[in-house]
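One letter stands for each residue in the lines below.
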Amino acid sequence: MRLETIAVHAGHAPDPATGAVTPPIHLSTTFEREPDLSFRGGSIYSRYANPNRQALEACLAQLEGGGAAACFASGSAATTAVFQSLGPGDHVLLPRDAYYGSIKIVRDVFGHWNLRYSAIDMSDVANVERAITKQTKVVWIETPSNPLVRVVDIAAVAKVARQAGAWVVVDNTWATPVLQRPLELGADIVMHSTTKYLGGHSDVLGGALVAREEGHALFARTRAVQASAGAVPSPFECWLTHRGIRTLPTRVRAQTENAKQVAEFLAAHKKVEVVHYPGLKSHHAYDVAKRQMSGPGAMLSLQVRGGKDAAVGMTNKLKIITRATSLGGTETLIEHRQSVEGPDTLAPENLLRVSVGLEHADDIIEDLDQALR
Ligand SMILES: *Cc1c(COP(=O)(O)O)cnc(C)c1O
């Protein structure tokens, strides 16, 4: 099956009890045991598994071309499960401009149990070769990155990691399985904040890990964390995320088409210093992005001439585009990243991050144009 068909059908089948085409939401936390002590549908207790989560996990595994998936209550809970699977003294490599929350988890939460990390510029694979050690257990990749939209060559980094005996985890939140296939490029596990494009409507938090194969050693540990620590999504959250996925390929392609036009417009605007977008020839890794992604995506950032005041002032004049954090919903969002991330941010003061939505591209462009004037 092709991706569009997987998105519509994977994990869905008419309900055998009622014939309902849209799946029911199973709120039950506990499931009846058979006389022989087995369980009819494989669910025992909702923290371990429930029908809505099982359906979503089956769908996510197929979408990424993996063997199994585990869902969590947020992207950050999924990230945390990976690091909870490592031990004191283990070392992790991260991109310096990874999602600031992911770096915070490794530094502030796992600092206490002596997990070591190096945050490096991963856009040059030579930096990975230099920083990797015998203790490195996980190389964490995020591409395109947040908020500078930098691109990492997944296949090249995965090769170095494999030679050093480290696992590769790719945060594929921004690219989605529609545009980027990390497991085919050598990753062991794909991580998602399903809060973003997969849910797709800014109305449900969630996270997921998708493994190359069910029995993968690191994935098995994260599965144990999921069941025992219990940072799991509710049945309704699973249902909403699964519903969102039905339109994922269509949304992501349409949003990418809009973003290409918005990026071209901004790049030619005299009030804009620079646009960070892998679909522009000026991007630092235009060729890598072209090779490893089937489209440049719908996330971009721009730096406005005139510093912080000009950037923030521009957002206050917008009429359609909303000032808000997060991304991947149907509406275009804009965010002054530096003031959100706090003191150790890498975001320049005049940088605005844009999640391009599904409005008409001309309306988005006209709104930006009048605000920049
Ligand atoms: C939002 C986001 C996360 C964190 O996910 P939550 O669902 O907010 O916990 C991680 N990585 C990236 C790239 C994100 O955009």
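Residues numbered from 1 in each chain as written. Predicted model: local features only at pLDDT ≥ 70, side-chain atom pairs only at ≥ 80, totals over all residues. Heavy atoms only, no water.

1. Description of the sheet that holds strand β5 (residues 167-171)
Note: strands within a sheet are paired through backbone hydrogen bonds, in either parallel or antiparallel orientation. Let me state the cut-off plainly: What makes two strands pair is DSSP finding at least two bridges between them. Going along the chain from the N terminus, every DSSP run of H or I of four or more residues is numbered as a helix, and every run of E of two or more is numbered as a strand. To get an axis, fit a line to the C-alpha atoms, keeping to the stretch in contact for a helix; angles then go from 0 to 180 degrees between the N-to-C directions. By definition in these notes, contact holds between two residues if any of their heavy atoms fall within 4.5 Å.
Spatially, β1-β7-β6-β5-β4-β2-β3 is the arrangement adopted by the seven strands of the open sheet, whose pairing is mixed. Only two strands of the sheet have a single neighbouring strand rather than two, namely β1 (68-72) and β3 (116-120). Direction aside, the axes of adjacent strands within the sheet are offset by 20° on average. Where strand β4 (residues 136-142) and β5 come together, five bridges link them in parallel fashion. Its bridge partner being in β5, Val-138 is matched across the sheet by Trp-167. Contacting β1, β4, β5, β6 (189-193) and β7 (207-211), helix α8 (residues 217-229) runs over the sheet at an angle of about 35° to β1.

2. Considering the site of the ligand
How we decide: Near residues are defined by distance, with any heavy atom within 4 Å of the molecule or strand qualifying the residue. A 3.5 Å cut-off defines polar contacts: any pair of N or O atoms within that distance qualifies, except that in protein one atom must be a possible hydrogen donor and the other a possible acceptor, and neighbouring residues in sequence count only when both atoms are side-chain atoms. In this description, accessible areas are obtained by the Shrake-Rupley approach with a 1.4 Å probe, and a residue is regarded as covered only by the protein chains that are shown. Under the scheme applied here, ten amino acids are nonpolar (Ala, Val, Leu, Ile, Met, Phe, Trp, Tyr, Cys and Pro), four are charged (Asp, Glu, Lys and Arg), and all others, including Gly, are polar.
Of all residues adjacent to the ligand, which total 13 residues, the nearest are Ser-76, Asp-171, Ser-193, Thr-195 and Lys-196. Taking Gly-75, its main chain carries an N or O atom lying 2.9 Å from an oxygen atom of the ligand. Here Ser-76 contributes a side-chain N or O atom positioned 2.7 Å from an oxygen atom of the ligand. If the ligand stood free it would expose 380 Å²; the protein chains cover 92% of that surface. Residues that form the shell around the ligand fall into these classes: three nonpolar, seven polar and three charged.

3. Notes on the side chain of His-192
What counts is decided by this rule: Relative accessibility thresholds used throughout: buried, under 20% of the residue-type maximum; exposed, over 50%; partly exposed, between the two (1.4 Å probe, protein chains only).
Mapped onto the elements, His-192 comes out in strand β6. Accessibility expressed as a relative area gives 0% for His-192, which makes it buried. At 2.6 Å, the side chain of His-192 forms a polar contact with the side chain of Glu-64.

4. Description of the nonpolar core
Stated precisely, the cut-off is as follows: Nonpolar core, defined: a set of buried Ala, Val, Leu, Ile, Met, Phe, Trp, Tyr and Cys residues in which side-chain atoms within 4.5 Å join the residues together. Each domain's extent was defined by an automatic or database domain assignment.
Counting residues in hydrophobic clusters, the biggest one holds 77 residues, and the most contacted among them are Leu-60, Leu-63, Val-139, Ile-141, Leu-266, Leu-300 and Leu-368. Among the elements that make up this core, the one with the highest residue count is helix α10 (residues 248-267) (seven residues). When we break this core down by domain, the ones giving at least three residues each are domain 1 (3-245) and domain 2 (248-372). If near-sequence neighbours (up to four positions away) are discounted, Val-139 is found in contact with Leu-93, Met-122, Ile-132, Val-157, Ala-161, Ala-166, Trp-167, Val-168 and Val-169. Grouped together as the second largest cluster of nonpolar side chains are 28 residues, Leu-94, Ala-98, Met-191 and Phe-219 included.

5. A word on the packing of helix α2 (residues 51-64) against helix α9 (residues 235-245)
Put simply, the rule reads: Two helices crossing with the near one rotated counterclockwise from the far one by less than a right angle form a left-handed crossing, whereas a clockwise rotation gives a right-handed crossing.
At a closest axis distance of 8 Å, the pairing of α2 and α9 adopts a crossing angle of 35°. Like other packed secondary-structure pairs, α2 and α9 cross with a definite hand, here left-handed. Contacts from Asn-52, Arg-53, Ala-55, Leu-56, Cys-59, Leu-60 and Leu-63 in α2 reach Pro-235, Cys-238, Trp-239, Thr-241, His-242 and Ile-245 in α9. Tallied by class, residues from the contact of α2 with α9 come to nine nonpolar, three polar and one charged.

6. Some thoughts on a nonpolar patch on the surface
Defined as follows: In this analysis, a patch consists of residues with relative accessible area above 30% that form no salt bridge, clustered at 9 Å for like charges and at 5 Å for the nonpolar side chains Val, Leu, Ile, Met, Phe, Trp and Tyr. When a carboxyl oxygen of Asp or Glu lies within 4 Å of a side-chain nitrogen of Lys or Arg, that pair is called a salt bridge.
Taken together, the side chains of Ile-25, Leu-27 and Phe-236 make up a nonpolar region of the molecular surface, amounting to roughly 300 Å² of accessible area. In this fold, Phe-236 is placed in helix α9. A relative accessible area of 43% places Phe-236 in the partly exposed class.

These figures come from the coordinates and say nothing about function on their own.
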